[in-house]
Amino acid sequence: MTTPLRTRALSTAAAIIGAVVLAIAFLIVIDHGIDSRKVAELAAQGVIAGDLPDQLQETRRASLQRRLVFLALGGSLALVIGLAVAWRLARRLEGPQETLREAAWALAAGHPLPEPLPESGAGAELAQALSGISDRLAEKEATARWLDAVVESIGEAVFVTAPDGAIRRANAAAARLTGWTVDELCSMDLASIVAEQDRPAFDFAKAAATASELTFQTRSGQVIPVAMTGSCMGGDDPARRGCIFVAHDITERKRAERRIRYLARYDSLTKVPNRLQFQHSLQQAIARARRAGRSLALLYLDLDRFKEINDNFGHAAGDRTLEILSERLISQLPKETMLGRLAGDEFGLLVENLPRDQDSRAALVTLARELLEQLARPFHVGNQEVLITASIGIALCPQDADNVVDLIRDADAAMYHSKQNGGNSVSFYTPEMSAVAVERLMLKSKLRRAVERDELVMLYQPKVHLDDGRVVGAEALLRWRLPGHGDIPPTQFIPLAEESNLISEIGEWVLKRVCQDYGDWQRYVPQPGRVSINLSLKQLRQAEFIPRCRSVFEDLGVSPVNFELEITETTLMTDARRMLPLLDELKAMGVHLSIDDFGTGYSSLAALQQFPVGTLKIDRAFVQHAVSSSDDATLVRTIVEMGRNLGLEVVAEGIETAEQLAFLRRLGCHLGQGRLFGDPMATDAMLAILLEQARGEKRYRLLFA
Ligand code: C2E
Ligand code: MG
Ligand code: MG
């Protein structure tokens, strides 16, 4: 930058000198020429003669010499002045430029601008531009630092990767989660922290587009479950393209889920599968037997006079007896058998892989007798000797029945037969034993006429807010008031209705009845809260279900937002793919959706999250023992916590005692229903409660004091 400046300064100096020298030389030459011409003219005119021209010539030469000296002196002076001017010019130009040059280098090196910068003259504009650049750089740097601080302060692990998965950036939480340092992570691929078991199935593109659950392997080799969400960043600059992943440890949640599933499927006393799990396994075993062309047997075992042990020695002794007996049964069981506790003192035993073409009865009788012998051995509970026997009924699949419900029913009928024979014996099922089945058939034909004869009744059970005891709505529960039989509970006739198409007729009756009752209440109480209606799988599967709901709401002039549809966890998961769009449509209509009997199904919470449900109802069975069994207490606590974490409203069913209420309130469970607040009641009684509340009276004041 200096070279052109100096050249310019020197050429300026040379130009000044040259101009001065040329000007003087020009003057000398002109002047000299004029003099010579004048002398020549005067000599020619004879004005001057003789030596005068020579003298004049001499004078002229002397004058020329003087002028040359003058020229030399003038030239030197011009040189000095020129150089001075050039030096001054170069100094004036070079000074600010040097400062600006230093400033530019300082900026390039990321340092602050040196002070002061030229404020006037040619460099001022450049200085202004430089300080503008410096300000913008400082601003950008501050933003970058702020973004860094944001990423670092995120409690979840953040990984920023290139489009090929190479990690470019990770935060401190990522280092804590994986055990690798941030620098180490930045030389790794995202796939390389995915645990080996998940790596073959790991699809980077998919992970970058969705939320997923997978496992990471930490530096120390530990495998941890994580929930990860990915998203991609596009843009013109290829260097900036890539994906960002946010992950967090879900070990606790997974553990809680496993615990829930365990508690929900295994009997906490005997540690064998409970009825639910046993039925599930039985269903799978039936499918296996069908595929393999084999048979299976179900042994239904019921203790004789177990009630006497409870009554005579107390419940603790009863529990201990059950523990001892189940241990004995397990020790006696051959391979390919499975034991489950079906109810209080009833056990089921599943024997698989029996040949279909041979009679296995002899072998089964032998097994059953061995079990009875084991059970009949006396044992001690406390210092009491206890003697116990059992009755066993056996049904075969597919010979007697080919589905879970019928097989259990048949084995139960055979067990009842054994009991009728005095107990401590074994019977095989025969069709004559099925008095129950006959009853069922009769009931089914009567149910057909129930709707026409107006034998169905809708009851309402209040739902209460556990903060302050205010009534926030009700659950509609159906009864069949069969003359001569009293009220038949829905658990008995809904399955019958589901076997035929009656369920759609009954379902529609329920919906209309509830909407009518709700409309009636609204005439007295403007806001009766939300009323929930139970739905069965068959109802949801009907093509016309949603349009029918819509027209019932319209015809009866009630808004869908006042209603909640309860769907059991099992129903949801039976046909999840088909349920999802249906539920979305119902939700869009304004209806609130809830998962009923939560804890009794087999779904993972992650799977249930896909549904647009707003409420989780904890099954009554868990609430019942929450204050007496620590397992159930843990289960209820976990469900409440998980529900709350997922932003769901949690309702506890079947609250019967003040202790259960206190326990649930401590957990922060939102709503509750149960005998403590009232059994299911007729519509008028429910309206009375709503009116009472509208008048400002607090019905449950004492319970919430
Ligand atoms: P759910 O939906 O879980 O209903 C709760 C059940 O617990 C009701 O039994 C209720 O009467 C009972 N309950 C409530 N509080 C207590 C309590 O404190 N202690 C005890 N031991 N039980 C309590 P319910 O009315 O017999 O109904 C049984 C099931 O039948 C219901 O279970 C529901 O799944 C089904 N259901 C009821 N009404 C309908 C209906 O209109 N349509 C369909 N599809 N199913 C229905
Ligand atoms: Mg319900
Ligand atoms: Mg329920």
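Residues numbered from 1 in each chain as written. Chains lettered and ligands numbered in written order. Predicted model: local features only at pLDDT ≥ 70, side-chain atom pairs only at ≥ 80, totals over all residues. Heavy atoms only, no water.

Undergrad: Mind laying out the environment of Leu477, listing which residues take part and the relevant values?
TA: As for its placement among the helices and strands, Leu477 is situated in strand S14 (residues 471-482). Residues within four places of Leu477 in sequence aside, it is in contact with Val457, Met458, Leu459, Gln461, Asn534 and Pro680. (Helix = DSSP H or I, 4+ residues; strand = E, 2+ residues; numbered from the N terminus. Contact = heavy atoms within 4.5 Å.)

Undergrad: Could you give me a rundown of helix H15 (residues 490-499), with the residues and numbers involved?
TA: For H15, the full list of buried residues reads Phe493, Leu496 and Ala497. One side of H15 carries all its buried residues, which in axial view fall inside an arc of 100°. (Buried < 20%, exposed > 50% of the residue type's maximum accessible area, 1.4 Å probe, protein only. Arc of directions from axis to C-beta.)

Undergrad: Give me the lowdown on the site of ligand 1, citing residues and values where you can.
TA: Around ligand 1 sit 24 residues in total, of which Arg479, Asp596, Arg620, Glu656 and Arg675 are the nearest. One nitrogen or oxygen atom from the main chain of Leu478 is found 3.2 Å from a nitrogen atom belonging to ligand 1. Take Asp596: an N or O atom from its side chain is 2.7 Å from an oxygen atom of ligand 1. Here ligand 1, which alone exposes 790 Å², has 86% of that area covered by the protein. Breaking the shell around ligand 1 down by element, the ones donating at least two residues are S14, H15, strand S16 (530-535) and strand S18 (592-598). Sorting elements by how many residues they give to the shell around ligand 1 places S14 first, with 4 residues. (Near = heavy atom within 4 Å. Polar contact = N/O pair within 3.5 Å; in protein donor to acceptor, adjacent residues only side chain to side chain. Areas by Shrake-Rupley, 256 points an atom, 1.4 Å probe, with all protein chains shown as cover.)

Undergrad: Please set out the pattern of salt bridges residue by residue, giving values where relevant.
TA: As enumerated under the stated definition, the model contains 35 salt bridges in all. Between Lys419 and Asp302 there is a salt bridge; the shortest N-O distance is 2.5 Å. Of this pair, Lys419 sits in helix H13 (residues 404-420) while Asp302 sits in strand S6 (residues 295-303); the two residues are 117 residues apart in sequence, bridging distant segments of the chain. The partner of Arg470 in a salt bridge is Asp468, and the shortest N-O contact between them spans 2.7 Å. Judged by relative accessible area, which is 38%, Asp468 ranks as partly exposed. Salt bridges linked by common partners bring Glu213, Arg253, Lys254 and Glu257 together as one network. (Salt bridge = Lys/Arg side-chain N within 4 Å of Asp/Glu carboxyl O.)

Undergrad: Account for the packing of H15 against helix H16 (residues 502-524), with residues named and values stated.
TA: Close contact between H15 and H16 brings their axes to 6 Å; oriented N to C, the two are set at 125°. By the angle between their directions, the pair H15 and H16 is classed as oblique. Contacts between H15 and H16 pair Ile494, Ala497 and Glu498 from the former with Leu502, Ile503 and Ile506 from the latter. Here the contact of H15 with H16 is built from residues that sort into 5 nonpolar, no polar and 1 charged. (Axes fitted to C-alpha atoms, helices over the stretch in contact; angles between N-to-C directions. Parallel < 35°, antiparallel > 145°, perpendicular 65-115°, else oblique. Nonpolar A, V, L, I, M, F, W, Y, C, P; charged D, E, K, R; others polar.)

Undergrad: Go over the coordination of the magnesium ion (ligand 3), please, and point to the residues and values.
TA: In the first shell of the magnesium ion (ligand 3), the protein supplies Asp596 (OD), Asp597 (OD), Glu653 (OE) and Glu653 (OE), at 1.9 to 2.5 Å from the metal. For the pair the magnesium ion (ligand 3) and the magnesium ion (ligand 2), the metal-to-metal distance amounts to 3.9 Å, and Asp596 bridges them. According to the relative accessible area criterion, Asp596 is buried, its value standing at 5%. Given the relative accessible area of 23%, Asp597 is considered partly exposed. (Donors = N, O, S within 2.8 Å, 3.2 Å for Na, K, Ca; no water.)

Undergrad: Tell me about unusual backbone geometry, residues and numbers included.
TA: The residue after Cys397, namely Pro398, is reached through a cis peptide bond having omega 10°. Notably, Arg305 is not glycine yet its phi reads approximately 50°, a positive angle. Tracing the sequence through the fold places Arg305 in the loop between S6 and helix H10 (306-313). Residue classification places Arg305 among the exposed residues on the basis of a relative accessible area of 51%. Phi angles above zero are rare outside glycine, and Asn424 is one such case at about 50°. Note that Asn424 resides in the loop between H13 and strand S12 (426-428).

Undergrad: Break down the sheet that holds strand S1 (residues 157-161) for me, with residues and values.
TA: Strand order in the open sheet formed by 5 strands is S2-S1-S5-S4-S3, with antiparallel pairing between adjacent strands. If you trace the sheet from one side to the other, it starts and ends with strand S2 (167-170) and strand S3 (211-217), each paired once. Mean inter-strand twist for the sheet, computed between neighbouring axes without regard to direction, equals 30°. By the bridge criterion, 3 bridges tie S1 to S2 in an arrangement that is antiparallel. Residue pairing in the sheet places Val160 in a bridge with Arg169 of S2. (Pairing = 2+ DSSP bridges.)

Undergrad: Outline the pairing of S3, listing residues and values.
TA: The two faces of the sheet receive side chains in turn, since in a regular strand these alternate between them. Bridge count for S3 against strand S4 (residues 223-233) is 7 bridges, and the pairing is antiparallel. Residue pairing across strands places Gln217 opposite Val223, the latter belonging to S4. Between S3 and S4, which follow one another and run antiparallel, lie 5 residues, and Gly221 among them has a positive phi close to 95°.

Undergrad: Give me the packing of aromatic side chains: which residues, what numbers.
TA: Note on aromatic pairs: each is described by the distance of the centres and the angle between the planes. Following the criterion strictly, the structure yields 10 aromatic pairs and no others. When the ring of Phe677 is compared with that of Tyr700, the centres are 5.2 Å apart and the planes differ by 75°; the resulting orientation is edge-to-face. In this pair, Phe677 sits in the loop between strand S21 (671-672) and helix H25 (683-694) while Tyr700 sits in the segment after H25, placing the two residues 23 residues apart along the sequence. When sorted by exposure, Phe677 lands in the same class as Tyr700, which is buried. Against the face of Phe428 rests Arg361, its NZ or CZ located 5.0 Å from the ring centre. (Phe/Tyr/Trp six-rings, centres within 6.5 Å; stacked < 30°, edge-to-face > 60°. Lys NZ or Arg CZ within 6 Å of the ring centre and 35° of its normal.)

Undergrad: Please give an account of the sheet that holds strand S8 (residues 346-354) that cites residues and values.
TA: Reading across the sheet, the 5 strands line up as S7-S8-S6-S11-S12 and stay open at both edges, with mixed pairing between neighbours. The strands lining the two open edges of the sheet, one partner per strand, are strand S7 (337-343) and S12. Across the sheet, the mean angle from the axis of one strand to that of its neighbour is 20°, orientation sign disregarded. Strand direction decides the pairing type here: S6 and strand S11 (residues 390-397), joined by 8 bridges, are antiparallel.

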